[in-house]
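# Summary of the model geometry
Here is what each chain is made of, one letter per residue.
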Amino acid sequence: MRYVEFVKDQNVKNANVLFFYGEESFFRENAVKVLKERFLAMEGIDFDVFDAKSVPIETVASVLNTPPFLNTKRLVVLKEYYPTAKEYEKSLISLFAKTEQDFAVLAIINEKPCDAILSDSFFLSVDCAKESDAYLAYYAQKKLEKQGVFLPSSAASILAESCAGSMTRLSVEIEKLIAFSLEKEKITKEDVENLVHRDIEMQVFDLTDALSKRNSERSLRILDVLIANNEKPQMIFAAIYNAFRRMLHVSLSSKTDAELTADLGVKSAYAIKKSRQAASGFTKKSLKKICDKLCDSDQKMKSGGLVSDGVLYDCVYYILST
């Protein structure tokens, strides 16, 4: 079950052993808020959080078996618990999951999945993976709508893309837009472009997209903006080089986006998706030539000193002509 399904599904509202896992920290953190609203009428009481790295499981089990003080349920959150199948089978957590316990709720919250817990049918497992740009755009529109502010689809799409699949980042940008819109009923595409910060990675995604379409005007404009924003030339070059190496790897591989995300050690499948889109504008041979050019420039710069603006423009002109 995906996190967004968990929040909406009334059939799982009373589940008392839950496992939340996945890279989206916003969903993992929000899960705790949702459970507190569901089970704790009096907040701050009958609520305990433990880190499995520093607290014995016996301590967690003891608290789980302690009746609540003022609420009808006790909520216990256990973070980063990764037992092996053997360890889990013998654990008090496994025993609690199988017990007909009506006064305690256990939520295990991990950044990564754990096969031992996922295989336990007594747990409701909730995948907190990153959501699509379409969902982020929808979420932003609904949040702003509650504040009486209209966010058109075109502006919502730019906002979602700027956040690179991160709900945490999106929530920060939404708060910024709400503050900006105190005297406005509509946020335009231009407002989003002016207010929402696009980090160097996102701007390089834009640059590779422009280069793949051989749009020289847009490519040079993005590079001009990066330099005008005082981004270090070394950082810009490294980001461009890494982007094209990833594009070459993606173009040569038959693996899925999820598999490539793990293989290349990128933060999310979003980067693979953008790389695949940009790579489609080049032949494999062209990508190899571009990577060779960037590698050669990299070697020369490492032996000769700092990266200059001229090297960056030379590489961009080379890519546009390849």
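Just so it is clear, the structure is predicted and the values come from calculations on it, not from any experiment.

Analysis parameters
Residues numbered from 1 in each chain as written. Predicted model: local features only at pLDDT ≥ 70, side-chain atom pairs only at ≥ 80, totals over all residues. Heavy atoms only, no water. Buried < 20%, exposed > 50% of the residue type's maximum accessible area, 1.4 Å probe, protein only. Helix = DSSP H or I, 4+ residues; strand = E, 2+ residues; numbered from the N terminus. Pairing = 2+ DSSP bridges. pLDDT = per-residue confidence, 0-100. Axes fitted to C-alpha atoms, helices over the stretch in contact; angles between N-to-C directions. Parallel < 35°, antiparallel > 145°, perpendicular 65-115°, else oblique. Contact = heavy atoms within 4.5 Å. Nonpolar A, V, L, I, M, F, W, Y, C, P; charged D, E, K, R; others polar. Right-handed = clockwise from strand over helix to strand, strands pointing away.

### Examining the pairing of strand E4 (residues 104-110)
Of all seven residues in E4, seven are buried, a share of seventy percent or more. The alternating pattern of E4 places Ala 104, Leu 106, Ile 108 and Asn 110 on one face and Val 105, Ala 107 and Ile 109 on the opposite face, and all of these are buried. Here five bridges tie strand E1 (residues 17-21) to E4, and the two strands are oriented parallel to one another. By the bridge assignment, Leu 18 is partnered in E4 with Ala 107. Two elements, strand E3 (residues 74-79) and E4, share six bridges in a ladder whose sense is parallel. Opposite Val 76, over in E4, you have Leu 106 as the bridge partner.

### Things to note about the confidence of the model for the chain
Counting all residues, the mean pLDDT for the chain is 89, and 98% of those residues have values of 70 or more. Least confident of the elements in the chain is helix H15 (residues 269-279), whose mean pLDDT is 85; most confident is strand E5 (residues 124-127), at 96.

### Examining the packing of helix H13 (residues 233-252) against H15
It is the contact of H13 with H15, at a shortest axis distance of 9 Å, that shows an interaxial angle of 80 degrees. When the axes of H13 and H15 are compared, the pair comes out roughly perpendicular. Along its contact with H13, which presents Arg 246, Met 247, Val 250 and Ser 251, the element H15 presents Ala 271, Ile 272, Ser 275, Arg 276, Ala 278 and Ala 279. Looking at the contact of H13 with H15, its residues break down into six nonpolar, two polar and two charged.

### Thoughts on the pairing of strand E2 (residues 47-51)
Two elements, E2 and E3, share five bridges in a ladder whose sense is parallel. Along E3, the bridge assignment pairs Phe 50 with Leu 78. Since E2 and E3 lie parallel, the crossover through helix H3 (residues 57-64) that links them has a hand, and here it is right-handed.

### Looking at the sheet that holds E4
Pairing is parallel in the open sheet, where five strands are placed in the order E2-E3-E4-E1-E5. Every interior strand has two partners, whereas the edge strands, E2 and E5, have only one. Each strand of the sheet is rotated relative to its neighbour by a mean of 15 degrees, with strand direction disregarded. Sheet contacts for helix H2 (residues 25-39): E1, E2, E3 and E4; angle to E4, the most-contacted strand, approximately 170 degrees. Sitting on the sheet, H3 touches E2, E3 and E4, and the angle it makes with E3 is about 165 degrees.

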